[in-house]
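The chain contents come next:
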Amino acid sequence: MIIAIDGPAAAGKGTLARRLADHFSLALLDTGLLYRATGLKVLNSGGDPADVSAAAAAARALDPEDLKNPELRADGAANAASKVAVIPEVRAALLEFQRDFAKNPPNGAKGAVIDGRDIGTVVCPGADVKLFITASAEVRAERRLKELQERGLEAIYARVLQDMKERDARDSGRDVAPLKPAEDAFFLDTSGLDAEAVFATALDHILKQNSFG
Ligand code: DC
């Protein structure tokens, strides 16, 4: 059983993915981490994340240990991620890892929940369930601001909103695997919903659409 979850940053994908993985006892892969780790690897070696050969080399050299770096959550890594994510060679290098995870989920799990931007369209076009989770840029910026403040980081709403819009434009406007809903995805706008309501709505859709549970 593969559940593909796509959508823009801070739409609520991560929380939903974790809850669905727990509910159905599935493995979980946050593919944003792969792009973040690639971007961070380039930054930490003094390179430019937009440099095709440096970014492709970093993607090919990615190690599971790289995915544990606490710096991955910071905005520097997020911005570098959205720059390396437009490079086809980077996407190709990371595609194999993601497909392999879907085919052979770790720890004997009977399937996986995979979240990102192109899971339902490119990585797992045959997924059993495809969810597209979104929210307005303003709501997503507010959520991100709250999250940053809770982590004790200083942030200004206008700046967070501007960063969010720039990342949206890069993610949706790129030629390779742009952010867009798969034709057969269930579209869920979480702007007015809390995490509990998002989970309940997604679960209801999954149980109606499929016979597993
Ligand atoms: O979901 P996130 O914020 O961790 O993603 C970081 C960046 O990686 C984001 O700008 C888009 C990119 N990304 C992507 O292009 N494809 C994916 N499957 C996952 C993330």
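Residues numbered from 1 in each chain as written. Predicted model: local features only at pLDDT ≥ 70, side-chain atom pairs only at ≥ 80, totals over all residues. Heavy atoms only, no water.

1. Comments concerning the pattern of salt bridges
Working step 1: All told, the structure shown has 15 salt bridges when counted by the stated rule.
Working step 2: In this structure, the salt-bridge partner of Lys 41 is Asp 66, at a minimum N-O distance of 2.9 Å. With Lys 41 in helix α2 (residues 32-44) and Asp 66 in the loop between α3 (52-60) and α4 (75-84), this pair connects stretches of sequence that are 25 residues apart.
Working step 3: Overall, Asp 66 belongs to the partly exposed group, its relative accessible area being 21%.
Working step 4: Here Lys 208 ties to Asp 204 by a salt bridge, and the two come within 2.8 Å at their closest N and O atoms. Here Asp 204 and Lys 208 lie together in helix α9 (residues 195-209), a separation of 4 residues that amounts to about one turn.
Working step 5: Salt bridges sharing common partners tie together Arg 117, Asp 171 and Arg 174. (Salt bridge = Lys/Arg side-chain N within 4 Å of Asp/Glu carboxyl O. Helix = DSSP H or I, 4+ residues; strand = E, 2+ residues; numbered from the N terminus. Buried < 20%, exposed > 50% of the residue type's maximum accessible area, 1.4 Å probe, protein only.)

2. What about the site of the ligand?
Working step 1: Taken together, 14 residues are adjacent to the ligand, and Arg 36, Arg 91, Arg 117, Arg 167 and Arg 174 come closest.
Working step 2: In this structure, Arg 36 approaches the ligand through a side-chain N or O atom, which is 2.6 Å from an oxygen atom.
Working step 3: Contact distances for the ligand include 2.9 Å between an oxygen atom and a side-chain N or O atom of Arg 174.
Working step 4: Taking 450 Å² as the accessible area of the ligand by itself, protein coverage stands at 97%. (Near = heavy atom within 4 Å. Polar contact = N/O pair within 3.5 Å; in protein donor to acceptor, adjacent residues only side chain to side chain. Areas by Shrake-Rupley, 256 points an atom, 1.4 Å probe, with all protein chains shown as cover.)

3. Things to note about the packing of aromatic side chains
Working step 1: Counted by the stated rule, this structure contains 1 aromatic pair.
Working step 2: Relative to Phe 187, the ring of Phe 132 lies with its centre 5.5 Å away and its plane at 15 degrees, an arrangement referred to as stacked. Here Phe 132, found in strand β4 (residues 129-134), pairs with Phe 187, found in strand β5 (residues 186-189); they are 55 residues apart in sequence, far enough to count as distant. (Phe/Tyr/Trp six-rings, centres within 6.5 Å; stacked < 30°, edge-to-face > 60°.)

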